[in-house]
Amino acid sequence: MSSPLERLSAGALGWLGGNLDYFDPFSASSRSATHGKAKAALELALLCHCTARLADPPGALGEAGALVRKLWQDPDLPRLFADVPKYASTYGLIYAALAPDAIDDTQVRATLARLDPEFLSPQGKSAYQRIEIRHYADKAGVRHTVEPYAELLPRSPLVAFRAAEPGGANSQDGAPLTEPQAYAVTHTAFYLGDFGRTAPRLGGDALAHAQDLVERLLRHCVEHDRWDLAAELVLTRFILGSEPLDTPSGAAAVECLVRAQRPDGALPGRSAAQAAHPSASGAEFFAKAYHTTLVTALMALIVSSPRPS
């Protein structure tokens, strides 16, 4: 009998593979949709990049990988980054970092050449932003002037953020952190640990604080059916060195995701409160469901795989 993680990943990968047209910004299906087309393509590339490094990569992602390879050689894809000026440089850097091997990298090199050197510097950026830029710049082989991780860790969300007390002035719905803060915690762990590939360089009191913060967040997400963050936090706990399913909150989070997963494999939104309406069109449903479904697949595949030696 398959495990909960295997059921989650199999279902999610099946739904993602059946909706690749929406990930392709230039398909007829995607052109009529309202989701962030460049962002969706980048997230699909991240899934392919991370799972390709597993000891037993899932064969279900073959068509997704082929789509990513095609898109990364299309000059029209980088042009979409300008549609989101706030994130254009970030998208360009991530695009370069996630470029598949053995492709014509003309568009990748051109995109890197357009990056402003100021973007690759620490000036005016939070510790979290610096960690993100360093992660992707190192992966892309791009020169930057961001400090080493050891200097950034004390100010990073994993170490610097403090949980609000339930009912306190800074607590929303009893949440230990605001939603943007919670995502900053998980993403910081992803970058420091290269999505489960390396140790996150935390130890002692800093690691204990991060683990406690993640535990508090995870319990809150399970209680409030916040599926997207629950999946990210389970992966964060794995990156921080624990076995998530061996803890009550980790096991409860996985069961929460199993309950939320539809028969077609999709997770219908970031949370129960934000789930797609049953009458939603295909495009509307994709916009609500794709991110959480993709993150759930990524978490389930990484957490159920052996840790790199």
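Residues numbered from 1 in each chain as written. Predicted model: local features only at pLDDT ≥ 70, side-chain atom pairs only at ≥ 80, totals over all residues. Heavy atoms only, no water.

Trainee: Could you clarify how one ought to interpret the overall build of the protein chain in this entry?
Mentor: Within the protein chain, the regular secondary structure consists of 16 helices and zero strands. The C-alpha radius of gyration of the protein chain comes to 19 Å, within 12% of the 19 Å expected for a compact globule of 309 residues. Residues counted as buried form 53% of the 309 residues belonging to the protein chain. Taking the contacts inside the protein chain whose residues are at least 6 apart along the sequence as the reference set, 68% of them involve residues at least 24 apart. About 13,800 Å² of surface is accessible on the protein chain, with carbon and sulfur atoms providing 52% of the total. (Helix = DSSP H or I, 4+ residues; strand = E, 2+ residues; numbered from the N terminus. Rg over C-alpha atoms; globule rule 2.2 N^0.38 Å. Buried < 20%, exposed > 50% of the residue type's maximum accessible area, 1.4 Å probe, protein only. Contact = heavy atoms within 4.5 Å. Areas by Shrake-Rupley, 256 points an atom, 1.4 Å probe, with all protein chains shown as cover.)

Trainee: Got a minute to help me understand the environment of T111 in this structure?
Mentor: Residue placement: T111 occurs in helix α8 (residues 106–113). As for T111 and A96, which are separated by 15 residues in sequence, their C-alpha atoms are 7.5 Å apart. Residues contacting T111, with those up to four places away along its chain left out, are P78, G92 and Y95. From its side chain, T111 meets the backbone oxygen of Q107 in a polar contact 2.8 Å long. (Polar contact = N/O pair within 3.5 Å; in protein donor to acceptor, adjacent residues only side chain to side chain.)

Trainee: Explain the pattern of salt bridges here, please?
Mentor: A side chain with one charge may pair with a side chain of the opposite charge, provided their charged atoms come close. Here the structure, examined in full by the defined rule, presents 15 salt bridges. E215 serves as the salt-bridge partner of R237, at 2.2 Å between the closest nitrogen and oxygen. A residue pair is termed long-range when its members are at least 10 positions apart, and R237 in helix α14 (residues 227–239) and E215 in helix α13 (residues 204–223) qualify at 22 residues. The class for E215 is buried, based on a relative accessible area of 18%. (Salt bridge = Lys/Arg side-chain N within 4 Å of Asp/Glu carboxyl O.)

Trainee: Mind showing me how you'd approach the environment of T293 here?
Mentor: Turning to its location among the elements, T293 is positioned in helix α16 (residues 282–303). Spatially, the C-alpha atom of T293 lies 14 Å from that of L235, the residues being 58 residues apart in sequence. Other than its neighbours up to four places away in sequence, T293 contacts A12, W15, L16, G265, A266 and L267.

Trainee: Any chance you could explain the packing of aromatic side chains here in plain terms?
Mentor: The description of an aromatic ring pair uses the distance of the two centres, along with the angle that the planes make with each other. Applying the stated criterion to the full structure yields 14 aromatic pairs. Judged by centre distance (5.5 Å) and plane angle (70°), the rings of F81 and Y95 are edge-to-face. Note that F81 is positioned in the loop between α6 (76–79) and α7 (88–97) and Y95 in helix α7, a separation of 14 residues in sequence. For the pair F81 and Y95, one class covers both residues: buried. Through pairs of rings, three or more aromatic residues link up here, namely W15, Y22, F23, F285, F286 and Y290. Seen from the ring of Y149, R134 lies directly overhead, with NZ or CZ sitting 5.4 Å from the centre. Above the plane of the ring of F238 lies R307, whose end atom (NZ or CZ) is 3.8 Å from the centre. (Phe/Tyr/Trp six-rings, centres within 6.5 Å; stacked < 30°, edge-to-face > 60°. Lys NZ or Arg CZ within 6 Å of the ring centre and 35° of its normal.)

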